[in-house]
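Examination of the molecular architecture
Chain by chain, the residues:
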Amino acid sequence: MALSLHHNKKYRFPWSSGNQFNLLVDGPAFFSAMLNDIQQAEHYILFEMYLVMPGKVSQKFFDALCAAAQRKIRVYVLFDDFGTRTITDYQRQQLINAGINLTFYNPLKVSKKTLMLFRDHRKLMVVDGKVAYVGGAGLLDEFDLPNPANNWHETMVRIQGQNVLQWQDLFNDNWQQWSSETIELMTQHTPVGTQTGRVTMTQGPRFMEIKRSFIQHVRNAQQRVWMCTAYFAPSRKLRRELRRASLRGIDVRILIPGPITDNPMSRYLAQHYYTKLLRNGIRIFEYQPRFLHTKIVLCDNWVSTGSCNIDRWNLRWNLDANQEIIDDTFSAEIADMFNSDFNNSLEIQFNDWKKRSIISKIKTGFWVHTIRFADMLLTRFKIIRYWKQLNKRKSEKPS
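1. Regarding the packing of helix H5 (residues 209–220) against helix H6 (residues 236–247)
Across the interface, H5 lies against H6 with an axial gap of 9 Å and an inter-helix angle of 15 degrees. Considered as vectors, H5 and H6 are oriented roughly parallel to each other. As for the relative orientation of H5 and H6, their crossing is left-handed in sense. Mapping the contact onto sequence places Phe214, Ile215, Val218 and Arg219 in H5 and Lys237, Leu238, Glu241, Leu242 and Ala245 in H6.

Okay, here's the thing in structure tokens:
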């Protein structure tokens, strides 16, 4: 597939070569790599996270970040206030006592009403402007359990090269909105490797780069469109492009969680779309062994992976960001992982799906109408106006 790599004004960051991307599958692999790079830090660490819960995993990272700060590494931690609401007072104080710069995105306040709904869903770490990690994992024990067979299935990508500075810029912009502390960052581009990539983001209704990019690459696909997501509620435009791709002979497959999930409601919502997708030749796989938390889209040799699920909330309201990669070797590695996961999934057959129980149909219909009603309320309460207020630079800085 021929792709234009020149800078597009519809996207904040340009495509750049001189990168090295390494896929890390499941918690034991990516957590150990991240902790090792924290130990190797020489200047600063940028750490942005949505979901952090008390446990062994989060404590390992808190201890490592504090140890870095104690050896005079500048550490900047940006937590989403909702996603990290359960961390203990001891853990918060541990970071502060170590001299870590700790800031919370969109602090929860009753007076802010619907403004509280906007969350920072990104999962990002940058070390010294030289290495970055991005993916879908939070700091919780479910990604690294004593029995690995029960781990939530997830991936992170370790990034070296010029794209690291794009991630760094993204972090810095968000940080400056919520903190008065200025960050001194490395700005020199250091090519590492030969792979090509760019960062795309979703930042409310005004910046829907990830959705736009999904639609563009599905529309231009020549061989395959494989999607993996923990929560599946695609927009009307994306569903239309998926159906069109399948009807023109493209191998379109959707991989989503099976009965093991952290949110049964989201599974019923996903199943609402099965009938039309299956009728148009799209193959749907439900992953069986454990909870599938991975977020990856593969169109021919183009890959997009990061924090963004293929659901209306991530694609429209949350702060999310993905790493896009165009590389034959990396895409082949992703395809191998997909094939392994397909083999551990139940493929939904159209004829069987039409015969599902009336109880299943009622549950699906209930949750679909509930979500649609919630969307209507958000629009009615002029949520976009609240979003613009939220993004006034420095408007919510702590005093």
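2. Some thoughts on a positive patch on the surface
On the surface, a cluster of positive charge is made up of Arg236, Lys276, Arg279, Lys354 and Lys355. Tracing the backbone shows arginine 279 in helix H8 (residues 274–279). For arginine 279, a relative accessible area of 54% translates into the label exposed.

3. Focus on the pattern of salt bridges
Scanning all chains against the criterion turns up twelve salt bridges. For arginine 12, the salt bridge identified is with aspartate 173, shortest N-O distance 2.5 Å. In this pair, arginine 12 sits in the segment before strand S1 (16–25) while aspartate 173 sits in helix H4 (residues 163–178), placing the two residues 161 residues apart along the sequence. When its relative accessible area of 31% is taken as the criterion, arginine 12 is described as partly exposed.

4. Side note on the packing of aromatic side chains
Summed over all chains, the structure comprises 20 aromatic pairs. Note on tyrosine 274 and tryptophan 353: the rings are 4.8 Å apart at their centroids and 50 degrees apart in plane angle, and the pair reads as tilted. Taken together, the residues span a long stretch of sequence, with tyrosine 274 in helix H8 and tryptophan 353 in helix H11 (residues 350–354) at a distance of 79 residues. We note that tyrosine 274, like tryptophan 353, is buried. Three or more aromatic residues joined by ring pairs make a cluster, and in this case those are Phe30, Phe31, Phe47, Phe61, Phe143, Trp152, Tyr231 and Phe291. It is arginine 85 that lies over the ring of phenylalanine 82; its NZ or CZ is 4.0 Å from the centre.

5. Topic: the nonpolar core
Within the largest apolar cluster, 43 residues are counted, with the highest numbers of intra-cluster contacts made by Ile159, Trp167, Phe171, Leu255, Phe330, Ile334 and Phe338. Excluding residues within four positions of it along the chain, leucine 255 makes contact with Met227, Cys228, Thr229, Phe285, Tyr287, Leu292, Phe338, Asp341, Phe342 and Ser345. Residues Ala41, Cys66, Ala137 and Leu140 belong to the second largest nonpolar core, which totals 42 residues.

6. Comments concerning the environment of glycine 129
Residue position: glycine 129 is located in the loop between strand S5 (124–127) and strand S6 (131–135). Accessibility expressed as a relative area gives 10% for glycine 129, which makes it buried. Here the alpha-carbon distance between glycine 129 and threonine 187, two residues 58 residues apart in the chain, equals 7.5 Å.

7. Some words on unusual backbone geometry
Trans peptide bonds make up most of the peptide bonds, and negative phi angles are found at most residues other than glycine. Residue lysine 72 is not a glycine yet carries a positive backbone phi of 75 degrees. Within the element layout of this structure, lysine 72 appears in the loop between helix H2 (56–70) and strand S3 (74–80). The exposure class assigned to lysine 72 is exposed, which follows from its relative accessible area of 72%. For aspartate 128, which is not glycine, the phi torsion reads 60 degrees and is therefore positive. As for its placement among the helices and strands, aspartate 128 is situated in the loop between S5 and S6.

Definitions and limits used
Residues numbered from 1 in each chain as written. Predicted model: local features only at pLDDT ≥ 70, side-chain atom pairs only at ≥ 80, totals over all residues. Heavy atoms only, no water. Axes fitted to C-alpha atoms, helices over the stretch in contact; angles between N-to-C directions. Helix = DSSP H or I, 4+ residues; strand = E, 2+ residues; numbered from the N terminus. Parallel < 35°, antiparallel > 145°, perpendicular 65-115°, else oblique. Left-handed = near helix turned anticlockwise from the far one by under 90°. Contact = heavy atoms within 4.5 Å. Patch = residues over 30% accessible without salt bridge, like charges linked within 9 Å, V, L, I, M, F, W, Y side chains within 5 Å. Areas by Shrake-Rupley, 256 points an atom, 1.4 Å probe, with all protein chains shown as cover. Salt bridge = Lys/Arg side-chain N within 4 Å of Asp/Glu carboxyl O. Lys, Arg positive; Asp, Glu negative; His and termini not counted. Charge placed at Lys NZ, Arg CZ, Asp CG, Glu CD. Buried < 20%, exposed > 50% of the residue type's maximum accessible area, 1.4 Å probe, protein only. Phe/Tyr/Trp six-rings, centres within 6.5 Å; stacked < 30°, edge-to-face > 60°. Lys NZ or Arg CZ within 6 Å of the ring centre and 35° of its normal. Core = buried A, V, L, I, M, F, W, Y, C linked by side-chain atoms within 4.5 Å.

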